[in-house]
Amino acid sequence: MKTSLFIVIVIISGAFAGLVHGSANLVIVEPYLDSATSIEQQGLLAEGDDEARFWAEYENYRTWQKGGQVIAGILLGVSMGALFGIVYAISRESLPGGSDLGKSLFLAGIMWAVVYFVPFLKYPANLPTVGEPETLAFRTILYLSFVAISCMGAVIFYKISKRFTGRKKLYAFAGYCVLIISSFVILPNSPDDISLSQGLVDGFRIASILGVSAFWVMMGLLFGVLWSKYKPHIHTV
């Protein structure tokens, strides 16, 4: 493995996918955040907050938050790209697909499902104004626990699947499904009620799915193209 070339591919593909993610969030997610914080603002003003002071603080905060959206996306993209690259390098030979692009896209789809979508089904994304500050730590623990269960379960049952051939490999997939369904039942639901309109919350969740999906699609595409072109797995003398 050409380590330096591998690192460059990881950084470029992760950073660009993160840029796409951050940009997508600015376009399709931020409008829902603006709506939610506007509703929260109305509640604060009803409690007697000074309107001019509130709007000054609100505009400063939102400007700072939006300005950091893309940068945060790039940094997160590089970190997730590193994880993606390591998994790809380890599992490349056993991934289905006739080319590195196909293998990369397949792995991106698997990681999208295991790391993001399966946990999302149990604990879907909520707007920042949903939930009490006192329950934030508990909600974070619940979500990260489900992510850990999903990821570790995928790794364990992937290793188990390598012991089988043909359709018997479906036994391992069935085992993963049983684990996830059991976790759905055992782990408690989010403790906070949603006071915002369900349409606003659903729109935010759909936009979040699109943003994260754009990241994994771009990650799989760019990583696969770069790997196919530069072939860091091939040793040269």
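The structure this text deals with has already been given above.
Residues numbered from 1 in each chain as written. Predicted model: local features only at pLDDT ≥ 70, side-chain atom pairs only at ≥ 80, totals over all residues. Heavy atoms only, no water.

### Thoughts on the pattern of salt bridges
Condition: Here, a salt bridge means any Lys or Arg side-chain nitrogen found within 4 Å of an Asp or Glu carboxyl oxygen. We call a residue buried when its accessible area falls under 20% of the maximum for its residue type, exposed when it is over 50%, and partly exposed in between, using a 1.4 Å probe and counting protein chains only.
Tallied over the entire structure, the rule returns two salt bridges. In this structure, Arg92 engages Glu93 in a salt bridge whose closest nitrogen and oxygen atoms are separated by 2.8 Å. For Glu93, a relative accessible area of 68% gives the class exposed.

### Some remarks on the environment of Val118
In plain terms, the rule: Secondary structure follows DSSP: runs of H or I at least 4 residues long count as helices, runs of E at least 2 residues long count as strands, and numbering of each begins at the N terminus. Any pair of residues with heavy atoms lying within 4.5 Å of one another is described as a contacting pair.
Following the sequence through the fold, Val118 ends up in helix α3 (residues 100–122). Residue classification places Val118 among the buried residues on the basis of a relative accessible area of 14%. Sequence-wise, Val118 and Val147 are 29 residues apart; in three dimensions their C-alpha atoms are separated by 8.1 Å. Among all residues touching Val118, those that are not within four sequence positions of it are Ala113, Phe146, Ser150, Tyr176, Ile180 and Phe184.

### A short note on the side chain of Arg205
Under the convention used in this document: Residues scored as positive are Lys and Arg, those scored as negative are Asp and Glu, and His as well as the terminal groups of each chain are ignored.
Mapping Arg205 onto the fold places it in helix α6 (residues 198–230). Buried charge without a partner: Arg205 forms no salt bridge, and the closest opposite charge is Asp202, 4.2 Å away. In contact with Arg205, other than residues within four places in its own chain, are Phe120, Pro124, Ala125, Asn126, Ile194 and Gln198.

### Comments concerning the packing of aromatic side chains
The geometry of an aromatic ring pair comes down to the distance between the two centres and the angle between the two planes. Inclusion rule: Any Phe, Tyr or Trp ring, taking Trp's six-membered ring, that has another such ring centre within 6.5 Å forms a pair; planes under 30 degrees apart are called stacked, those over 60 apart edge-to-face, and the others tilted.
For the coordinates displayed, the defined rule picks out 14 aromatic pairs. Ring geometry for Trp112 and Phe117: centres 4.8 Å apart, planes at 10 degrees, overall stacked. What makes Phe117 partly exposed here is its relative accessible area of 25%. Ring pairs connect the aromatic residues Phe6, Phe84, Tyr88, Phe215, Trp216, Phe223 and Trp227, which therefore count as one cluster.

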